[in-house]
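Observations on chain architecture
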Amino acid sequence: MTTLTEASSMTTMSESSSLRLGGPVPHPAPARGSSPVCTSHPLLRSASGSDTLERLDLSTRDATDAPWLTIVWNDPVNLQTYVSYVFRTYFGFTASRAERLMLQVHNDGRAVVASGGREQMERHVEAMHDYGLWATLTRDAP
Amino acid sequence: MTRFTRRGAGVVVRLYASEQELLLRLAAQLIELLGQRGRPSPADVLFAQAGIGGRSAPPLDPALARLLPDAYRHDREAASEHRHLTELALVQRKVENARRFQNSLRDDAAEAILDADGIQSWLRTLTDMRLALAARLQIEVDGDAGTGDDAMLEIYDWLGYLQGSLLEVLP
């Protein structure tokens, strides 16, 4: 697909022109010296599927008491294969369930991927944001 | 050329030097972009060490807004509170990913070897780059072709191709 020449021309162009990924921002924060301390975060807590699965099972049981939902929304950027991958590896879903939910996101614009307590759904939403998926939590059926 | 090959639990990446440079530059720009949300106010420095104490309002820059979305869609108060408590940590994790991605590319060796953490940093950082570029290209809903710089659009597509190729070799 991409050849060396294409890649190098992209490189040149990106240097010269408007690849403003880190472009100007309307309201930059004042730089006051102290940059944030990089604490070490369990970046890959999401990769350990078994822990997640266990929590999911618990959440299903008390779902009537705490009907918070994690919703993943469709976006035009993320690859379908990536969304399926995230559903499989983070939630521990089977390939077919992950595929079905991914297609639901794609076709219906959203899918409920988990339900349970509020804090737990917040953790799921944060994990989805780590992956770059657009997720929210809510108490009402979407 | 085959860019990704499985080797045990890891993945071997082969890139041309120009591609490597491009990815390093994009990662640096991503870190710079995220850095604009990464500074706590001085009063919050102690909280900041725990990743708490970020802003309450969503970013005005659409690229940052897409990287750091609201956790609540129809409850502004809950969204603000959640953002204040968690955004800084999310920014830090994204920056950490991008740094790990950079480090995997720093060697001049013809190939980089990614372990499990490395693979995650690649998947996530390529995604974050594409999200930011999509915002610049005004790709907002399915079917948007993207407006603006053709070179940027080419890079956006190429990053998608790279990520897709990486996913193909993963179990």
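Residues numbered from 1 in each chain as written. Chains lettered and ligands numbered in written order. Predicted model: local features only at pLDDT ≥ 70, side-chain atom pairs only at ≥ 80, totals over all residues.

1. Some words on the overall build of chain A
Across its full length, chain A holds five helices and three strands. Counting helices and strands in the order they occur from the N terminus, chain A gives α-α-β-α-α-β-α-β. Burial analysis of chain A (142 residues in total) assigns 36% to the buried set. Taking the intrachain contacts of chain A between residues at least 6 apart in sequence as the baseline, contacts between residues at least 24 apart amount to 74%. (Helix = DSSP H or I, 4+ residues; strand = E, 2+ residues; numbered from the N terminus. Buried ≥ 20, exposed ≤ 12 C-beta atoms within 10 Å, placed from the backbone. Contact = placed C-beta atoms within 7 Å.)

2. Here's the deal with the pairing of strand E2 (residues 110-116) of chain A
In summary, the side chains of a regular strand alternate between the two faces of the sheet. Residues and elements named next belong to chain A. With five of its seven residues buried, E2 lies for the most part within the structure. As paired strands, strand E1 (residues 68-73) and E2 are joined by six bridges and run antiparallel to one another. Residue pairing in the sheet places Trp73 in a bridge with Arg110 of E2. (Pairing = 2+ DSSP bridges.)

3. Notes on the packing of helix H1 (residues 17-35) of chain B against helix H4 (residues 76-106) of chain B
Residues and elements named next belong to chain B. Where H1 contacts H4, the two axes come as close as 9 Å, and the packing angle between them is 160 degrees. Taken together, the axes of H1 and H4 lie roughly antiparallel to each other. Seen from above, H1 lies across H4 with left-handed handedness. Of H4, the residues touching H1 (which contributes Gln20, Leu23, Leu24, Ala27, Leu30, Ile31 and Leu34) are Val91, Lys94, Val95, Ala98, Phe101, Gln102 and Leu105. Broken down by class, the residue content of the contact of H1 with H4 amounts to eleven nonpolar, two polar and one charged. (Axes fitted to C-alpha atoms, helices over the stretch in contact; angles between N-to-C directions. Parallel < 35°, antiparallel > 145°, perpendicular 65-115°, else oblique. Left-handed = near helix turned anticlockwise from the far one by under 90°. Nonpolar A, V, L, I, M, F, W, Y, C, P; charged D, E, K, R; others polar.)

4. Brief notes about helix H5 (residues 118-131) of chain A
Residue pairs spaced three or four apart in an α-helix point in one direction, given the helix's 3.6 residues per turn. All names here are of chain A. Here H5 contains 14 residues, and its C-alpha end-to-end distance of 20 Å stays within 8% of the 20 Å for a straight helix at 1.5 Å per residue. Residues Gln120, Met121, Arg123, His124, Val125, Met128, His129, Asp130 and Tyr131 constitute the buried set of H5. A positive backbone phi angle near 90 degrees is found at Gly132, which sits one or two residues after H5. (Expected span 1.5 Å × (residues − 1).)

5. Notes on the nonpolar core
Residue and element names in this part refer to chain B. By size, the foremost hydrophobic cluster in this structure holds 41 residues, and its most contacted members are Leu30, Ala132, Leu133 and Ala134. Looking at this core, the elements that each hand over two or more residues are strand E2 (10-14), H1, helix H3 (62-67), H4, strand E3 (111-114), helix H5 (116-136) and helix H6 (150-169). Here this core gets ten residues from one element, more than from any other, and that element is H5. (Core = buried A, V, L, I, M, F, W, Y, C linked by C-beta atoms within 7 Å.)

6. Considering the sheet that holds strand E3 (residues 135-138) of chain A
Residue and element names in this part refer to chain A. Spatial ordering of the open sheet is given by E2-E1-E3, a layout of three strands whose pairing is antiparallel. The open sheet terminates on both sides in strands that have one partner only, identified here as E2 and E3. In this sheet, adjacent strand axes meet at a mean angle of 25 degrees when their direction is disregarded.

7. Here's the deal with unusual backbone geometry
All names here are of chain B. Phi is positive for Gln138, which is not a glycine, with a value near 55 degrees. For Gln138, the location among the structural elements is in the loop between H5 and H6. By C-beta crowding, Gln138 is classed as exposed, having 12 other C-beta atoms within 10 Å.

By themselves these figures say nothing about function.
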